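Given next are the chains, with one letter for each unit.
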Amino acid sequence: MHMMYNTSVSEQLFAEAQQYIPGGVNSPVRAFSSIGGNPPFIRQANGPYLTDEDGNRYIDYVCSWGPMILGHNRPEVREAVAQACARGLSYGAATRAEVEMARLVCSLVPGVELVRMVNSGTEAVMSAIRAARGYTGRDKIIKFNGCYHGHSDCLLVQAGSGVMTAGRPGSDGVPAGCTADTLTATYNDLVGVKALFDANPGQIACIVVEPVAANMGVVPPQPGFLQGLRRLCDEAGSVLIFDEVITGFRLSPSGAAGYYKVQPDLFTFGKIIGAGMPVGAYGGRRDIMSVVAPLGGVYQAGTLSGNPVAMAAGLAQLTLLRENPQWYSELNATADGFFTEIQSILRERGLAYPVNHVGSLGCIFFTQQPVVNYEDAKTADTRAFASYCKYMLANGVYCAPSQFEAMFLSTAHTNAELDRTLEIMRNYFKRGSVNR
Ligand code: KE4
C-alpha cells in the first residue's frame, strides 16, 4: 500500500454527500461499496489521468465507463463544446447539429438507416425494445443473464453491472407485470435461446444482447453465437437488437457489428457517441424505425434529446475517429498486448485467473476457471478482487470498483501508463498474499 495515499478531502465530501444524495452518489457503482472504503472524488481529468480532490493522480481505466476513448479533455472536443455553449445551451427545437450527427452515425454504421437521439443508454435500449414490440406486435423479449441494458423496469432481470455488483438478480420496485414478458437465457448458449423460441412460437418481439458482454466483467461471444442469434431471429421474424452502448464506436468504426460482421436490425448507442456528455441513440432498419413517433405509433420523446452542446461533443469525437480509422487497429493492438501481458503476469505466479478481452475492453476474473457466462462470472472471488482493486487505487491506478465491470483503454494511454500499470500489478501479484 502506498503510505502517502491521503484521501481526507474525498472522505469529507463523501460524508457530506450522503446527507443529500442516496448513498452519496448519483450512480450506485460509484460508491465503491463492492470493494469497501471511500470513493475518491474527482476534481479534474486530462488524457489518461484523473486527479482527485486530495491531489492524488490516477491512471484511469474507467474512462467514464467508456465514453473517453480519446482520453479526457481532448482539445478538439473541449473547443467544440465551448463554441456550442456560446450559441446557447438548448432550444428544444431542430438543429443542424442533429442532422450532422444522424448523417455521421448512418454513414459509420452499416444497417443504421434511421437513428433517434436520446439522453442515456437506458433510454436508448428501452426505446429500441418498444420499437421492436411496436413493429412486431409481440410482447416477449429475450435478454441474457449478466447483461445490463440500463435500469428500465423490464430489463432489471438477472442484470449485470451495478445490479450484479450488489449481489442481486434484479431490483425492488419493479412490478411482476413489468418483467413477465422478459425471458432470460445464458450468454453463449444458443441451444437455450432456441428452446425459448420453440416454447414461445410467434411471441418473441426481439432479442436484446450485448455483442460483447461487458457488465458481468468482459465475456466475449463465442464463435457462432452472434451469427446464431441472427439466424434464430430471421427464422422467427423477431428483431435482433445489439446493445452497443459500450462496444459502439469502440471495437471498430461500426462497433461490434463491424468487428464480428453480424448485422442486427436495431442498434443502441451511448457513451462514446456523446464523448462524455449525456447522449444515447437507437437506430437501424428504416422499416422498423418508421414505427417511431411522429412517423408511427410508438411514442418516445425527450426534452434534451439531441441537445446542441452534447451533439457538438459527440460530433467532435466521432469525426476525429472517422478521420483516423487507424486509431482502432492501433488501440486494439496496444490493448491486446497489455491484456496478454497481464495474463502472463498471472500465469508466472501460478494464478489461472482468466483475462478476458476484446479490443480495448478487458477484465481479470478472480476465479480459477474460464468465464464464458454469468454463472462462471459469479464464481469470482470478489474479496480477492477488492483487495487487488484497493491496492491499485492506492498506487495510482483507477480501475472499476467492481469485479463485474470492464477495464477501458483510450488512445491517450501511452506505454508509460501501461508499463507503470503492469509494474504495479507485478508487485501486487508477486506478494504471494493474494487470496488464491
Ligand atoms: P446509461 O443509462 O447508464 O447511460 O446506459 C445504460 C447501459 C446500457 N447498455 C450497456 C451495455 C451499458 O453498459 C450501460 C451502462 N453501463 C454502466 C457501466 N457498466 C454504466 C455505469 C453506471 O451505471 O454508473
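Notes on the structure in this doc start here.

How each quantity is defined
- Residues numbered from 1 in each chain as written.
- Predicted model: local features only at pLDDT ≥ 70, side-chain atom pairs only at ≥ 80, totals over all residues.
- Heavy atoms only, no water.
- Helix = DSSP H or I, 4+ residues; strand = E, 2+ residues; numbered from the N terminus.
- Buried < 20%, exposed > 50% of the residue type's maximum accessible area, 1.4 Å probe, protein only.
- Lys, Arg positive; Asp, Glu negative; His and termini not counted.
- Charge placed at Lys NZ, Arg CZ, Asp CG, Glu CD.
- 1 Å grid on protein atoms, 1.4 Å probe; cavity = no way out; pocket = protein on both sides within 12 Å on 5 of 7 lines; lining within 4 Å.
- Points joined across faces, edges and corners; volume = space filled by probe spheres on them.
- Pairing = 2+ DSSP bridges.
- Contact = heavy atoms within 4.5 Å.
- Axes fitted to C-alpha atoms, helices over the stretch in contact; angles between N-to-C directions.
- Core = buried A, V, L, I, M, F, W, Y, C linked by side-chain atoms within 4.5 Å.
- Salt bridge = Lys/Arg side-chain N within 4 Å of Asp/Glu carboxyl O.
- Near = heavy atom within 4 Å.
- Polar contact = N/O pair within 3.5 Å; in protein donor to acceptor, adjacent residues only side chain to side chain.
- Areas by Shrake-Rupley, 256 points an atom, 1.4 Å probe, with all protein chains shown as cover.
- Nonpolar A, V, L, I, M, F, W, Y, C, P; charged D, E, K, R; others polar.

1. Focus: the overall build of the chain
In step 1: A tally of helices and strands in the chain yields 15 helices and 14 strands.
In step 2: With the principal axes as the frame, the chain shows a C-alpha extent of 60 × 55 × 45 Å.
In step 3: By residue count, 57% of the 436 residues in the chain fall in the buried class.
In step 4: The averaged location of the 37 negative side-chain charges in the chain is 1 Å from the averaged location of its 34 positive side-chain charges.

2. A short note on empty space enclosed by the protein
In step 1: In total, this model carries one cavity of 30 Å³ or more according to the counting rule given.
In step 2: For the largest cavity, the calculated volume is near 100 Å³.
In step 3: In terms of lining, the largest cavity is formed by G362, C363, I364, F385, Y388, C399, A400, S402, Q403, E405, A406 and M407.
In step 4: Breaking the lining of the largest cavity down by element, the ones donating at least two residues are β12 (361-364) and α14 (382-394).
In step 5: Take the lining of the largest cavity: its biggest share by element is three residues, from β12.

3. Brief notes about the sheet that holds strand β11 (residues 355-358)
In step 1: If you walk across this open sheet you meet the three strands as β11-β12-β14, and the pairing is antiparallel. In the strand order of this sheet, the two ends are held by β11 and β14 (407-408), each with one partner.
In step 2: In the sheet, β11 pairs with β12 via four bridges, with the strands oriented antiparallel. From the neighbouring strand, N356 faces β12, where its bridge partner is C363.
In step 3: Against the sheet, helix α12 (residues 326-348) makes contact with β11, β12 and β14, and its axis sits at roughly 170° relative to β11, the strand it touches most.

4. Focus on the nonpolar core
In step 1: V105, F144, I207, F249, I273, Y388 and F429 are the most contacted members of the largest nonpolar core, which has 111 residues in total.
In step 2: In terms of residues, this core owes the most to one element, α12, which gives nine residues.
In step 3: Within the second largest apolar cluster, 21 residues are counted, among which are A131, I141, I288 and V291.

5. Topic: the pattern of salt bridges
In step 1: The full count for this structure, using the stated rule, is 13 salt bridges.
In step 2: Notably, a salt bridge pairs E375 with K378, separated by 3.5 Å at the nearest N-O pair.
In step 3: With relative accessibility at 41%, the residue K378 sits in the partly exposed group.
In step 4: R420 serves as the salt-bridge partner of E423, at 3.3 Å between the closest nitrogen and oxygen.

6. Here's the deal with the site of the ligand
In step 1: The immediate surroundings of the ligand are formed by 17 residues, with S27, T122, N215, D243 and E405 found nearest.
In step 2: Here an oxygen atom of the ligand and a side-chain polar atom of S27 are 2.7 Å apart.
In step 3: For the ligand, a nitrogen atom lies 2.7 Å from a polar atom in the side chain of E405.
In step 4: In the complex, the protein chains occlude 86% of the 540 Å² of accessible area that the ligand would expose alone.
In step 5: For the shell around the ligand, a count of residues per class yields five nonpolar, eight polar and four charged.

7. As for the environment of A316
In step 1: By the secondary structure assignment, A316 is in helix α11 (residues 308-323).
In step 2: When its relative accessible area of 14% is taken as the criterion, A316 is described as buried.
In step 3: Expressed as a C-alpha distance, the spacing of A316 and A275, which sit 41 residues apart in the sequence, is 8.2 Å.
In step 4: In this structure A316 touches E76, V77 and A80, once residues within four positions along its chain are discounted.

8. Observations regarding the pairing of strand β7 (residues 204-209)
In step 1: Taken across its six residues, β7 has six buried, putting it largely inside the fold.
In step 2: Taken together, the three bridges between strand β5 (residues 140-144) and β7 define a ladder with parallel strand orientation. Directly across from I142, in β7, lies its bridge partner I207.
In step 3: Where β7 and strand β8 (residues 239-243) come together, four bridges link them in parallel fashion.

9. Brief notes about the layout of surface pockets
In step 1: Approximately 480 Å³ is the volume attributed to the second largest pocket.
In step 2: Considering the residues around the second largest pocket, the lining is formed by 26 residues, among which E98, V115, R116, M117 and S305 are closest to the centre.
In step 3: Elements with a contribution of two residues or more to the lining of the second largest pocket: α3 (96-108) and β4 (114-118).
In step 4: With four residues, the single largest contributor to the lining of the second largest pocket is β4.
In step 5: Here the residues of the lining of the second largest pocket are counted per class, giving 15 nonpolar, eight polar and three charged.

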